[in-house]
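Chain residues, written in single-letter form:
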Amino acid sequence: MSTDRTLWILQGLLAALFLFTGGMKLVLPIEDLLKQMPLPLPGLFLRFIGVCEVLGAIGLILPGLLGIREGVTPVAAAALVILMIGATGYSLVGGLGPVALIPAAVGLLAAFVAYGRWRRTSNRMATN
């Protein structure tokens with residue numbers, strides 16, 4: 001399987017995941033979100049994280065589909081890596097050690113996309 005195809009598959013899966021999780025943070029009542037969390041976070045901060053996740057998901061897909069500003073994709077993926085570092089730390093501090101593996105794995109996948117798209121974008125710019 002080609003690298004480009006692998007990156008597109010990962011981008012699609014990550015975009016779906018972040019659209020779902022970010023959408024839930026934006027749609028669900030804050031009280032319901034806080035019931036599921038080991039440590040309380042401010043409601044506006046949860047909404048902010050939701051916005052970041054949705055925008056990151058859009059940034060993973062739209063630039064490549066539209067063929068414009070493709071340099072946004074590695075930036076969006078890198079921003080999602082930062083979110084996943086925070087989510088991993090939050091899970092560990094909240095006493096959810098094994099659960100912390102999920103955001104850690106998602107963060108590694110996003111890092112792979114960030115690196116892969118950055119390499120492809122920088123190579124394309126170097127040849128122009």
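See the structure shown above.
Draft legend 1. Broad picture of the overall build of the chain. Helix and strand counts for the chain stand at 5 helices and 0 strands. Going from the N terminus to the C terminus, the chain shows its helices and strands as α-α-α-α-α. The C-alpha extent of the chain, read off along each of the three principal axes, is 50 × 25 × 20 Å. Split into buried and exposed, the 128 residues of the chain put 32% on the buried side. Where the 9 positive side-chain charges of the chain centre and where its 5 negative ones centre are 10 Å apart.

Draft legend 2. Quick look at unusual backbone geometry. Phi is positive for R69, close to 50 degrees, though the residue is something other than glycine. The exposed category is assigned to R69, whose relative accessible area is 70%.

Draft legend 3. Expanded view of the pattern of salt bridges. Scanning the model with the defined rule gives 3 salt bridges in all. Among the salt bridges present, the one from E53 reaches K25, with a minimum N-O distance of 3.2 Å. Here K25 lies in helix α1 (residues 3–27) and E53 lies in helix α3 (residues 43–66), a separation of 28 residues in the sequence. Overall, E53 belongs to the buried group, its relative accessible area being 4%. K25 sits in the buried class, given a relative accessible area of 18%.

Draft legend 4. Here's a closer look at a nonpolar patch on the surface. Among the surface-exposed residues, L19, L26, V27, V51, L55, I58, L62, L65, L66 and I68 lie close enough to one another that they form a single nonpolar patch of about 920 Å² accessible area. Where the nonpolar patch is concerned, the elements lending two or more residues are α1 and α3. Take the nonpolar patch: its biggest share by element is 6 residues, from α3. Mapping L66 onto the fold places it in helix α3. Exposure remark for L66: the relative accessible area of 56% places this residue in the exposed category.

Draft legend 5. A look at the nonpolar core. Counting 16 residues, the largest nonpolar core has L14, F18, L60 and V113 as the members making the most contacts within it. Mapped onto this core, the elements with two or more residues apiece are α1, α3, α4 (72–93) and α5 (101–127). With 5 residues, α1 is the largest single contributor of residues to this core.

Conventions we followed
Residues numbered from 1 in each chain as written. Predicted model: local features only at pLDDT ≥ 70, side-chain atom pairs only at ≥ 80, totals over all residues. Heavy atoms only, no water. Helix = DSSP H or I, 4+ residues; strand = E, 2+ residues; numbered from the N terminus. Buried < 20%, exposed > 50% of the residue type's maximum accessible area, 1.4 Å probe, protein only. Lys, Arg positive; Asp, Glu negative; His and termini not counted. Charge placed at Lys NZ, Arg CZ, Asp CG, Glu CD. Salt bridge = Lys/Arg side-chain N within 4 Å of Asp/Glu carboxyl O. Patch = residues over 30% accessible without salt bridge, like charges linked within 9 Å, V, L, I, M, F, W, Y side chains within 5 Å. Areas by Shrake-Rupley, 256 points an atom, 1.4 Å probe, with all protein chains shown as cover. Core = buried A, V, L, I, M, F, W, Y, C linked by side-chain atoms within 4.5 Å.

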